[in-house]
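A look at the structure
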Amino acid sequence: MAGIEGNGQSELAEILAGLRSPTSGTIHVGGTVTAGLGVVGHRRAGVGYVPEDRLRNGAALDESIADNLVVDRHDRPPLARRGVLRPKAVRAHAEQLIDQYAIRTPDPSVPMRALSGGNMQKVIVARELSAGPRLLIASQVTRGVDVGAMRFMYERLVAARDNGAAVLLISADLTELLALSDRLLVLKDGLLVGRFDDTTGLTEKHVGLYMLGVEHHDDEHLTAGLAAGEEPTP
Amino acid sequence: MTSTLVETEDRREYRATRRRGLAVDLSMTLATVLAALAVGFLVILATGKDPVAAYEALLTGPLERSFRVGRWLEDATTLTLLGLSVAIPFRARQISLGAESQLYAGALAAAVVAIFLPLPPVAAVIVPLVAAAAAGAGMGFVPGSMKARLGANEIVATLMLNAIVVRVYDYLVNGPLKEPGSSAVYSERVQPDSVLTPLTDWFGIPLGRSNVGLVLMLLTAAALWLLITRTPLGYRIRMTGANSDFAEYGGIRVPRAIEWSFVIGGAVAGLAGAHLVQGVYGRLEPGLAGSLAFEGIVVALLARNNPLVVVIAGLFYSYLRAGGDIMEQQTDVGTEIVVVIQAVIVLLVTAQALPDLLKRRIARKQAAHKQVGAR
Amino acid sequence: MSSGFDVVLSSAFLAAALRVSTPYLLAAFGGLVAERAGISNIALEGQMLAAACTGALVAGYSGSVALGALSGITVATLLGLLLAALRLELGADAIIAGIGLNLLASGATAYAVYTLLGDKGGTSGLDSGTLPTVPLPGIESIPVLGDVLSGQNLITWLAFLTAPFVAWLFYRTTFGFHLRAVGEMPDAAASVGIPVRRVQYAGLALSGALAGLAGVFLSMGYVSFFVRDMTAGRGFIALAAVFLGGLRPWGVFLAALGFGAAEALAVQLGTLDVPPQLVSTIPYAMTLVALALYAWRRKRRGVGQVAPASL
């Protein structure tokens, strides 16, 4: 998903994640219609979301890494049983993800605030991917992230796709999109203006013309292969 | 690769750092209290009184006689319950100033049940307590749901509710609930079975009006600590307070967490009301709570809203209050100086930049030290 | 209810309503200025109390009512600046710092009165006098109007003039524009070169001064002495009026006037067969309902137009 910032990408991501309600249209994830389900319903339907501003809503900075890793699953076994949160299980869960996602920290009880940008983003990606999403919305995953963490994110996103998850990558970095995407969509003024089902040989310059609104695809091309009314415009 | 200081530490180093951080926090708290006491000392000196004699009475007075200890524990029970009652909404970053209304509602509920409802022995103690908790919870629910569902400012809502409930309480004590045939303004006494057993009966030494409410308070604090640290609801309240956008993003129903924090806090303040009725006074009296409701906020603040620490802060602060009264009796220094000390504590505690400045300075020194060591 | 009607229409009630509204108006405008500057001033109560006490004590000892009033206002202004400094320099939470200042004022005034006069209650033993009332020679003799308007305290007149003054300040002066900009979007205000801190300090000083004027009125106009904790929650009610008035000068004016009128009415109705405590809950209950309705409407309309500093 490409587009100059402020053209509806953030809104689209938040609608897909259930944080905003759409004014019209329906969204299907797997077999579930997610309209009106709220965040919990969306998460249950298999939507994962790496938010574009991790400091705003991606993390609770003063709380521990362990607590940040369980926000979507703190009330379910094995972390909670019979209405009681099990600190040992929460800690073990954190240790495991810290190991799997190479999060650099001496201890799961370290507050998020103490982590660098890339490391913090790893915590968020770890949380979202470990939920096993069918759809992962990854918004500006590599913003403010160092090169090492960036490559790590790319590998994980591709691995998630290979495991069968749909990954919606929203980015301001066109190089990143062209390198990772199977299909590229361009958003301008809240509307879908470009669709490239094959990104091989696509150049930044060419996509840039769509982003600026110089060129656009016609509706027929944009919706080819979709049932009527399924155009994902916010 | 850029990384923060913590990331480069190993677990042992990190634990040491954390211990140091805790030590800094603790010594900052102690320094705060000492600084406030020093301010009080200087004020007494500046007003031409003898601060040494005054502080001697203030700091040693409460322990000199057993009934003074009782007076201290009785006050600490109410104050700590009130501190706990605001600590929970504070954890959800809700500034509930409604402890007063919740306490009076609790006191009324406890009194009505304990005076008028004939109950078998054990139930006679427990049912009024439950009624008080429910009434307090109800008083918490009103501003809580107004904030959570509508976004109405909780400070204004709780203050308005205080103004209403205090007046209704005043009316009831002066009117319908006033003891018939008595010229003084108070209600009938609660039934003997409803009285919270005085500690005097347990220990055989005169301990004033202190009662098993103290045990109840300790249990409540432990229960709230478990709630905050060991239950999903506590987790939701904590995350809501830490970053409500994050909580919402994570699928937590933020309004419900806010509502619960108010309801739980209200129930605890209601218990404080029951303690005054069933334990301390044995009946309803006008202005039962005095200024305790606002002082509960101080206790919660001093304890950083940690339920277990609230107990310590409550005991400490009540000690000062009890000492202040003795100081006034024994010297010509007014007990109000304790309120000044308390105010200075609040101002120092909320001046968060102070400890951070200190911590940062220590961290910087350590970093410099490490670099030197690496060379 | 004809007796109730008589009460409302009587000149005694109207005169009382103006008198009772005075501290609410002044304190509410103090709260409004602070709120729009982006720092909630919950210390209105303490600022009023400190001013009331200082005013009565200084006037009593110096024999000069003007000096007393001035000292009272100065102390309240300093407390406003202290709140701003705690917030801006030491990162304190404005609400909690405000609670601290209220406690400080409550303890310090009671301590001062007890230490100086040996009296737990207040300064009734000290002859401190009151600020002058304003006779209106022409209007004095007109039946109802004369009774209502003439002979009101100087500060009552000042209180009513505060509404147009604050409206003018907010919407017609550079300072007012800066103040509102700072309160709504501090970062944007800073980026266009508005001295954010200085504006906030000035706003809080003005806020404290208005609260101080309210306090001075209590001990040197309403009555002629200081009583311990005599503000009796008026600062908090004023704060409610700020929100109820939608953070706008004329809205706040009406809300504060409403509280004053309701309280005066409760006092007047006290002579009838209604329990006065219950009558006096009416304005608070109305506020609670209004607060809910206001929030509900704002929520339905989407985002609020003016974000209060405390949220």
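Cut-offs and rules
- Residues numbered from 1 in each chain as written.
- Chains lettered and ligands numbered in written order.
- Predicted model: local features only at pLDDT ≥ 70, side-chain atom pairs only at ≥ 80, totals over all residues.
- Helix = DSSP H or I, 4+ residues; strand = E, 2+ residues; numbered from the N terminus.
- Contact = placed C-beta atoms within 7 Å.
- Expected span 1.5 Å × (residues − 1).
- Buried ≥ 20, exposed ≤ 12 C-beta atoms within 10 Å, placed from the backbone.
- Pairing = 2+ DSSP bridges.
- Nonpolar A, V, L, I, M, F, W, Y, C, P; charged D, E, K, R; others polar.
- Axes fitted to C-alpha atoms, helices over the stretch in contact; angles between N-to-C directions.
- Parallel < 35°, antiparallel > 145°, perpendicular 65-115°, else oblique.
- Left-handed = near helix turned anticlockwise from the far one by under 90°.
- Core = buried A, V, L, I, M, F, W, Y, C linked by C-beta atoms within 7 Å.
- Right-handed = clockwise from strand over helix to strand, strands pointing away.
- pLDDT = per-residue confidence, 0-100.

Turning our eyes to something else, we now look at the overall build of chain A. Looking only at helices and strands, one finds ten helices and nine strands in chain A. At a minimum sequence separation of 6, the contacts of chain A that also span at least 24 residues come to 62%.

A few words now on helix H14 (residues 336-350) of chain B. Counting along an α-helix, one turn takes 3.6 residues, and residues three or four places apart therefore face a common direction. The end-to-end C-alpha distance of H14 of chain B, which contains 15 residues, comes to 22 Å, matching closely the 21 Å that a straight helix rising 1.5 Å per residue would cover. Taking burial as the measure, the 15 residues of H14 of chain B include 15 buried ones, the bulk of the element.

It is worth spelling out the pairing of strand S3 (residues 47-50) of chain A at this point. Residues and elements named next belong to chain A. Residues Val47 and Tyr49 of S3 are buried on one face, and the alternating residues Gly48 and Val50, pointing to the opposite face, are buried as well. Bridge count for S3 against strand S6 (residues 135-139) is four bridges, and the pairing is parallel. Residue pairing for S6: Val47 is matched across the bridge by Leu135.

Moving on, we come to the interface of chain B and chain A. Contact residues are listed per partner, giving 26 residues for chain B and 33 residues for chain A. Contributions of two or more residues to the side of chain B that touches chain A are made by helix H1 (11-46), helix H9 (232-242) and helix H10 (244-249) of chain B. Residue contributions to the side of chain B that touches chain A peak at five residues, all from H9 of chain B. Across the side of chain B that touches chain A, the residue classes break down as ten nonpolar, seven polar and nine charged.

Moving on to the arrangement of the chains. In this assembly, two pairs of chains are in contact, and the pair contributing the most contacts is chains B and C. Spatially, chain A is disjoint from chain C: no contact exists, and the shortest C-alpha separation is 13 Å.

Let's shift gears to the packing of helix H11 (residues 234-244) of chain C against helix H12 (residues 249-269) of chain C. Two numbers describe a pair of packed helices, the interaxial angle and the distance between the axes. Residue and element names in this part refer to chain C. In contact at an axis separation of 8 Å, H11 and H12 are set at 140° when each is read in the N-to-C sense. Classified by the angle between their axes, H11 and H12 sit oblique to one another. Relative to H12, the crossing made by H11 is right-handed. For the pair formed by H11 and H12, the contact residues are Ile237, Ala238, Ala241, Val242 and Leu244 on the first element and Val252, Ala255, Ala256 and Phe259 on the second. Partitioned by chemical class, the residues of the contact of H11 with H12 number nine nonpolar, no polar and no charged.

For the rest of this paragraph, the subject is the sheet that holds strand S7 (residues 166-170) of chain A. Each strand in a sheet pairs with its neighbour through backbone hydrogen bonds, running either in the same direction (parallel) or in the opposite one (antiparallel). All names here are of chain A. Pairing within the open sheet is parallel, and its three strands lie in the order S3-S6-S7. Among the strands making up the open sheet, the edge pair consists of S3 and S7. The sheet shows a mean angle of 10° between the axes of neighbouring strands, taken without regard to direction. Across the face of the sheet, helix H6 (residues 117-130) comes into contact with S3 and S6 while running at roughly 175° to S3. The sheet contacts of helix H7 (residues 147-162) involve S6 and S7, and relative to S7 the element is tilted by about 145°.

Ranked by size, the top nonpolar core spans 298 residues in total, and within it Ile137 of chain A, Ala107 and Ala110 of chain B together with Ala28, Ala241 and Ala256 of chain C carry the most contacts. Each residue touching Ala28 of chain C, except ones within four places of it in the same chain, is listed here: Ala238, Ala241, Val242, Val252, Ala255 and Ala256 of chain C.

All right, on to the pairing of S7 of chain A then. Counting buried positions along S7 of chain A gives four out of five residues, so the element sits mostly inside the fold. Crossover handedness for the path S6 of chain A to H7 of chain A to S7 of chain A: right-handed.

On average, residues of chain B carry a pLDDT of 87, and 96% of them reach 70 or more. Reported for the predicted complex are a pTM of 0.87 and an ipTM of 0.87.

So, about the interface of chain C and chain B. At the interface, 41 residues of chain C touch 37 residues of chain B. For the side of chain C that touches chain B, the elements supplying multiple residues, two or more each, are helix H4 (65-90), helix H5 (94-117), H11, helix H13 (276-279) and helix H14 (282-301) of chain C. Residues of the side of chain C that touches chain B, tallied by class, amount to 28 nonpolar, eleven polar and two charged.

Its location among the elements puts Ala240 of chain C in helix H11. With sequence-adjacent residues up to four places away left out, Ala240 of chain C is seen in contact with Val156, Leu159 and Met160 of chain B together with Thr287 of chain C.

The next point concerns unusual backbone geometry. A cis amide bond links Pro77 of chain A to the next residue, Pro78 of chain A, at an omega of 5°. As for its position among the elements, Pro78 of chain A is in the loop between helix H4 (65-68) and strand S4 (80-81). Its identity as a non-glycine residue notwithstanding, Asn305 of chain B has a phi of 65°, on the positive side. By secondary structure assignment, the location of Asn305 of chain B is in the loop between helix H12 (292-302) and helix H13 (307-330). Given 22 C-beta atoms within 10 Å, Asn305 of chain B falls into the buried group. Notably, Asp229 of chain C is not glycine yet its phi reads approximately 50°, a positive angle. As for its placement among the helices and strands, Asp229 of chain C is situated in the loop between helix H10 (196-222) and H11. The partly exposed category is assigned to Asp229 of chain C, around which 14 C-beta atoms lie within 10 Å.

Right, let's talk about the environment of Ala209 of chain C for a bit. Residues and elements named next belong to chain C. Examined against the element boundaries, Ala209 turns out to sit in helix H10. For Ala209, a count of 21 C-beta atoms within 10 Å puts it in the buried group. For the pair Ala209 and Gly55, spaced 154 residues apart in the sequence, the C-alpha separation amounts to 13 Å. Residue contacts for Ala209: discarding those within four places in its chain leaves Ile73, Ala76, Thr77 and Gly80.

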